[in-house]
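# Geometric and topological summary
As a plain string of letters, each chain reads:
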Protein chains: 2
Amino acid sequence: MIIGIDLGGMSIKGGLINDSGLIIEKKSLPTGAWRKPQEIIRDITRVIDDLKLKANDRDEVVSVIGLGVPGVVSHNNAFLEKCANINLEQIDLKKEIELLCNTQVFVDNDANVAAIAEYEVGSLKNYNSGILLTLGTGVGGGIIIDGNVIRGAHGAGAEVGHMVVGENFYDCNCGRNGCLETFSSATGINKYINKVLAETKSPTVLRDYDRIDTKLIFDSAKKGDAVALDAVNRFVKYLAIGIVNFINILDPEAIALGGGVSHAGQYLVDLLEKEVSKSLYSKDIEIAELKLAELQNDAGIIGAGFMAKNLHK
Amino acid sequence: MIIGIDLGGMSIKGGLINDSGLIIEKKSLPTGAWRKPQEIIRDITRVIDDLKLKANDRDEVVSVIGLGVPGVVSHNNAFLEKCANINLEQIDLKKEIELLCNTQVFVDNDANVAAIAEYEVGSLKNYNSGILLTLGTGVGGGIIIDGNVIRGAHGAGAEVGHMVVGENFYDCNCGRNGCLETFSSATGINKYINKVLAETKSPTVLRDYDRIDTKLIFDSAKKGDAVALDAVNRFVKYLAIGIVNFINILDPEAIALGGGVSHAGQYLVDLLEKEVSKSLYSKDIEIAELKLAELQNDAGIIGAGFMAKNLHK
């Protein structure tokens with residue numbers, strides 16, 4: 001059996017995973033992200049110990065533990081360089097947890113882990129190479145080529161949202177201008193809509209709402225609202241530029257779209273396919289299939305488990 | 001011994017390569033790029049047969065043949081989908097040549113082959129992962145991660161010059177706007193200089209010349225000519241965006257610059273390092289080393305040989 005842990009800003013979610021990739025037991029604790037590193041680590045090991053007891057009850061042994069974290073991990077899935085929103089960084093998380101748990105541990109970035117989950121049991125299952133793009137507050141993702149995750153030489157690879165794809169009216173929080181996530185994330189489309197509403201008098205149903213979210217924008221676009229449609233088209237235009245960049249650079253077999261914005265569903269995929277097909281380097285050569293990601297909340301646990309299983313081999 | 005063949009628009013250049021990667025015999029014939037495919041293939045096999053005889057004279061046997069071509073190669077280094085400037089496409093080049101030569105053949109894109117040469121015996125020799133960017137008429141290159149060339153699922157990977165990095169005043173010949181090669185190639189900087197000279201009255205030494213090439217632009221920039229410096233800065237700005245995109249996506253150990261424009265040398269590397277360092281996602285994490293490529297004309301032959309040797313294993 002394997003233990004997968006999804007460390008997030010809110011909670012430490014763990015699962016006991018069987019050989020088929022099914023979660024058979026779950027355990028979670030609040031992260032308490034502001035606490036001292038040792039307190040957070042202690043609660044991670046509490047989740048692990050609890051799941052180990054549950055494995056024991058089934059006469060099973062846990063062979064390896066995988067941990068997905070929202071940060072940059074280096075030194076062969078061991079060292080946490082930095083971590084978004086959690087008070088853990090510059091720490092050998094692998095070693096710290098192994099000392100407390102007596103089982104081999106591997107750590108990876110949560111976006112890589114989500115891509116591994118899609119690759120093992122989700123939308124990228126039947127492909128040798130694939131990219132997961134998660135369209136949420138930002139744009140994240142993971143890249144898998146011939147079964148190997150592209151982690152980068154310094155643990156900083158697959159920051160797919162920070163590929164410059166154009167010029168935008170506001171700078172990215174990474175300091176550059178034109179990053180994919182400033183166009184094609186929930187934040188990006190919301191900022192654009194707010195700008196249009198403030199600077200124009202264009203009539204739109206969006207003006208009737210106190211709070212505009214991505215779902216409302218996409219739903220209004222589907223119904224033909226011109227302002228919403230313009231924003232969706234801009235979102236799609238730059239996402240298509242990013243996708244064609246990935247096709248031109250890495251030529252994967254499939255690209256899956258996950259994250260909150262991907263709930264726009266096949267409507268988004270259809271718009272993207274149309275835009276992508278206009279921009280190909282060569283019309284004669286087959287390209288990556290565009291798909292919707294399949295896994296939901298448990299992807300972090302499952303992916304962390306498979307990540308560790310693959311590295312444990 | 002290995003035979004490496006560099007098929008170019010002008011000539012079919014072949015070399016007999018020993019185990020250390022040294023070319024010990026050479027042979028070339030004109031390509032006659034407009035001729036019937038079978039005539040071109042016949043001359044490729046003539047070069048091979050000649051080199052095989054020379055191996056025989058030394059009591060050596062040729063174990064495998066590598067062929068680098070300016071085109072898209074698919075189906076496990078066999079099928080030439082399309083080929084720039086040479087009348088060869090939609091042809092199983094591996095099979096055709098193997099039938100005539102009785103030795104195993106592998107075919108690869110010439111940019112991948114150049115990257116392999118740098119990785120095996122040149123500027124990327126001491127790294128696990130690296131990217132070669134060739135800055136010439138266009139921008140080409142190859143990507144190697146953990147010793148593996150990223151060829152793409154359909155043979156169309158590593159079209160690194162066709163990553164959109166901004167918005168330009170003219171479209172790329174691939175049909176998109178803002179491709180890296182429209183900013184940071186000899187063509188890109190020349191088009192920009194011509195536009196500035198035509199649209200402004202800015203004084204510059206460049207106006208004294210009938211023909212302006214990249215070397216003149218870089219030399220004038222080094223001497224402080226404002227117009228040349230502006231063009232070089234623009235070239236560097238967008239190349240740095242491309243390089244930081246590669247760092248954010250693939251996080252390689254090193255990035256090497258080759259091609260004609262790289263003859264601007266350390267001056268170019270220094271400008272790039274300065275620009276890149278301003279744009280990093282995280283200032284705390286080590287990044288790829290920027291270097292000049294080391295191999296010159298024989299890179300195509302050597303790389304084709306190593307490509308075949310690696311696939312033959």
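Look above for the structure.
An account of the accompanying structure is given in this report. (Residues numbered from 1 in each chain as written. Chains lettered and ligands numbered in written order. Predicted model: local features only at pLDDT ≥ 70, side-chain atom pairs only at ≥ 80, totals over all residues. Heavy atoms only, no water.)

With that settled, consider the packing of helix H7 (residues 226–250) of chain B against helix H8 (residues 266–278) of chain B. Residues and elements named next belong to chain B. Interhelical geometry of H7 versus H8 gives an angle of 60° and a closest axis separation of 9 Å. Classified by the interaxial angle, the pair formed by H7 and H8 is oblique. By crossing handedness, the relation of H7 to H8 is classed as right-handed. Contact residues: Leu229, Val232, Phe235, Val236, Lys237, Leu239, Ala240, Ile243, Val244 and Ile247 in H7; Tyr267, Leu268, Leu271, Leu272, Glu275 and Val276 in H8. Looking at the contact of H7 with H8 residue by residue, the classes come out as 14 nonpolar, no polar and two charged. (Axes fitted to C-alpha atoms, helices over the stretch in contact; angles between N-to-C directions. Helix = DSSP H or I, 4+ residues; strand = E, 2+ residues; numbered from the N terminus. Parallel < 35°, antiparallel > 145°, perpendicular 65-115°, else oblique. Left-handed = near helix turned anticlockwise from the far one by under 90°. Contact = heavy atoms within 4.5 Å. Nonpolar A, V, L, I, M, F, W, Y, C, P; charged D, E, K, R; others polar.)

Residues and elements named next belong to chain A. Read from one edge to the other, the open sheet built from five strands follows the order E3-E2-E1-E4-E8, with strand pairing classed as mixed. A strand with exactly one partner marks an edge of an open sheet, and here the two such strands are strand E3 (23–30) and strand E8 (104–109). Averaged over all pairs of adjacent strands, the angle between their axes in this sheet comes to 20°, without regard to strand direction. Where strand E4 (residues 64–69) and E8 come together, six bridges link them in parallel fashion. (Pairing = 2+ DSSP bridges.)

A separate point is the packing of helix H1 (residues 37–57) of chain A against helix H2 (residues 93–101) of chain A. All names here are of chain A. Two elements in contact, H1 and H2, have axes whose closest approach is 10 Å; the angle formed by their N-to-C orientations is 50°. Classified by the angle their axes make, H1 and H2 are oblique. Classified by chirality, the crossing of H2 by H1 is right-handed. Taken together, the residues of H2 that come into contact with H1 (itself represented by Gln38, Ile41, Ile44, Thr45, Ile48, Asp49 and Lys52) are Leu93, Glu96, Ile97, Leu100 and Cys101.

The next thing to look at is the sheet that holds strand E12 (residues 254–258) of chain A. Residues and elements named next belong to chain A. Pairing within the open sheet is mixed, and its five strands lie in the order E11-E10-E9-E12-E13. Strands at the two margins of the open sheet, each flanked by one partner only, are strand E11 (148–149) and strand E13 (289–292). Here E12 runs beside E13; their pairing, made up of four bridges, is parallel. By the bridge assignment, Ala256 is partnered in E13 with Lys291. Running over the sheet, helix H8 (residues 266–278) touches strand E9 (130–135), E12 and E13 and is turned about 165° from E13.

In short, the description is geometric, and any link to function would need to be established separately.
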